[in-house]
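Read off the chains here:
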Amino acid sequence: MDPKFAAREVAIVNGRRVIRFSAKAIRAGHRGQLEEAGAILAKAGELLAESTAAIADHPDIKIGILNDAAKEYAEARLFLAMARGEELPSAAELGTRMAPYLNGLGEAVGELRRRLLDQLRREDFTGAERLLELMDEVVDLLASLDYPDGMTGGLRRTTDVARSLTERSRADLTSALIADRLRQDIAAFRTRRGPG
């Protein structure tokens, strides 16, 4: 029992650290500190791999926090890849099972929405439109997967939330574009009309 208990403790402690590091990396990514975010996630990836290796010889150990850690790590890695415009790493490259990977991908949509809103505040409509396209692609992919929730770890609910966030983002972007066109039309009218 001692080796099993030790493996369980490693997985629990590291799982908590992976969750904290993943959240920290996402915050750094939103601040534009992509190098720092990458370094934080490299450490999180090492901890996750260490945890997975620790319990490999004990398949009967069920640790929910390790699944949560894998999902949060996947979310952070996938969000940063999309923020950088890079190709998404696979579940195998991240060292996660498919269910946490897909749920992490779905939750990354929320981080994309936050980034999209930041771009709207800066009036970067091209960047915001690119992010909305990414959000649409993620939702389309997740919606195409038709497996029982027991296999996917609640992916259906994650997909529904991602769809809702994407539609709200579409509405926000549409409103911002209409407001920008209206400003441009008013400015053009004033220019044609001349002073006074």
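What comes next is a walk through the structure. (Residues numbered from 1 in each chain as written. Predicted model: local features only at pLDDT ≥ 70, side-chain atom pairs only at ≥ 80, totals over all residues. Heavy atoms only, no water.)

Some details on the overall build of the chain
For the chain, the helix and strand inventory stands at 8 helices and 0 strands. Along the chain, from the amino end to the carboxyl end, the secondary structure elements read α-α-α-α-α-α-α-α. Rg of the C-alpha trace for the chain: 21 Å, well past the compact-globule value of 16 Å for 196 residues, more than 25% over. Counting only C-alpha atoms and orienting by the principal axes, one finds that the chain spans roughly 85 × 35 × 20 Å. Classification of the 196 residues of the chain by burial places 42% in the buried group. (Helix = DSSP H or I, 4+ residues; strand = E, 2+ residues; numbered from the N terminus. Rg over C-alpha atoms; globule rule 2.2 N^0.38 Å. Buried < 20%, exposed > 50% of the residue type's maximum accessible area, 1.4 Å probe, protein only.)

So, the side chain of D180
Secondary-structure assignment places D180 in helix 8 (residues 155-193). On the basis of relative accessible area, D180 is assigned to the buried category, the value being 15%. A polar contact of 2.8 Å, which involves the side chain of D180, links it to the side chain of Q184. (Polar contact = N/O pair within 3.5 Å; in protein donor to acceptor, adjacent residues only side chain to side chain.)

A closer look at the packing of helix 5 (residues 98-121) against helix 6 (residues 125-143)
Between helix 5 and helix 6, the least distance of the axes is 9 Å, while the angle of their chain directions is 160°. Here helix 5 lies roughly antiparallel to helix 6, going by the angle between them. At the point where helix 5 passes helix 6, the crossing takes the left-handed sense. In this structure, helix 5 uses L102, L105, G106, V109, L112, R113, R115, L116, Q119 and L120 to contact helix 6, whose residues at the interface are F125, G127, A128, L131, L132, L134, M135, V138, L141 and L142. Classifying every residue of the contact of helix 5 with helix 6 gives 15 nonpolar, 3 polar and 2 charged. (Axes fitted to C-alpha atoms, helices over the stretch in contact; angles between N-to-C directions. Parallel < 35°, antiparallel > 145°, perpendicular 65-115°, else oblique. Left-handed = near helix turned anticlockwise from the far one by under 90°. Contact = heavy atoms within 4.5 Å. Nonpolar A, V, L, I, M, F, W, Y, C, P; charged D, E, K, R; others polar.)

Examining a negative patch on the surface
Together, E129, E133, E137 and D140 make up a region of like negative charge exposed at the surface. Here E129 is to be found in helix 6. By relative accessible area, which is 35% here, E129 ends up partly exposed. (Patch = residues over 30% accessible without salt bridge, like charges linked within 9 Å, V, L, I, M, F, W, Y side chains within 5 Å. Areas by Shrake-Rupley, 256 points an atom, 1.4 Å probe, with all protein chains shown as cover. Salt bridge = Lys/Arg side-chain N within 4 Å of Asp/Glu carboxyl O. Lys, Arg positive; Asp, Glu negative; His and termini not counted. Charge placed at Lys NZ, Arg CZ, Asp CG, Glu CD.)

Section: the layout of surface pockets
Of the volumes computed, that of the largest pocket is approximately 320 Å³. Contributing to the lining of the largest pocket are 16 residues, with T52, I55, L66, N67 and R97 lying nearest its centre. At the level of secondary structure, the elements contributing two or more residues to the lining of the largest pocket comprise helix 2 (34-55) and helix 3 (64-84). (1 Å grid on protein atoms, 1.4 Å probe; cavity = no way out; pocket = protein on both sides within 12 Å on 5 of 7 lines; lining within 4 Å. Points joined across faces, edges and corners; volume = space filled by probe spheres on them.)

A short note on unusual backbone geometry
For E123, which is not a glycine, the phi torsion comes out positive at approximately 60°. Relative to the assigned elements, E123 resides in the loop between helix 5 and helix 6. What makes E123 partly exposed here is its relative accessible area of 47%.

With respect to a positive patch on the surface
A cluster of like positive charges, contributed by K24, R27, R31 and R114, occupies part of the molecular surface. By secondary structure assignment, the location of R27 is in helix 1 (residues 2-30).

What to know about the environment of R168
Secondary-structure assignment places R168 in helix 8. What makes R168 partly exposed here is its relative accessible area of 46%. Put simply, R168 and R113 are 55 residues apart on the chain and 8.8 Å apart in space, counted from C-alpha to C-alpha.

Describing the environment of F125
Residue position: F125 is located in helix 6. Once the C-alpha coordinates of F125 and I19 are considered, the two residues, 106 residues apart in sequence, prove to be 32 Å apart. Residues in contact with F125, not counting those within four places in the same chain, are L120, L173, A176, L177 and D180.

So, the pattern of salt bridges
Within this structure, the stated rule accounts for 12 salt bridges. Between R183 and E123 there is a salt bridge whose closest N-O contact spans 3.6 Å. Of the two residues, R183 is situated in helix 8 and E123 in the loop between helix 5 and helix 6; the sequence distance between them amounts to 60 residues. Overall, the relative accessible area of 42% leaves R183 in the partly exposed class. One network of salt bridges, with partners in common, ties together K71, E72 and E107.

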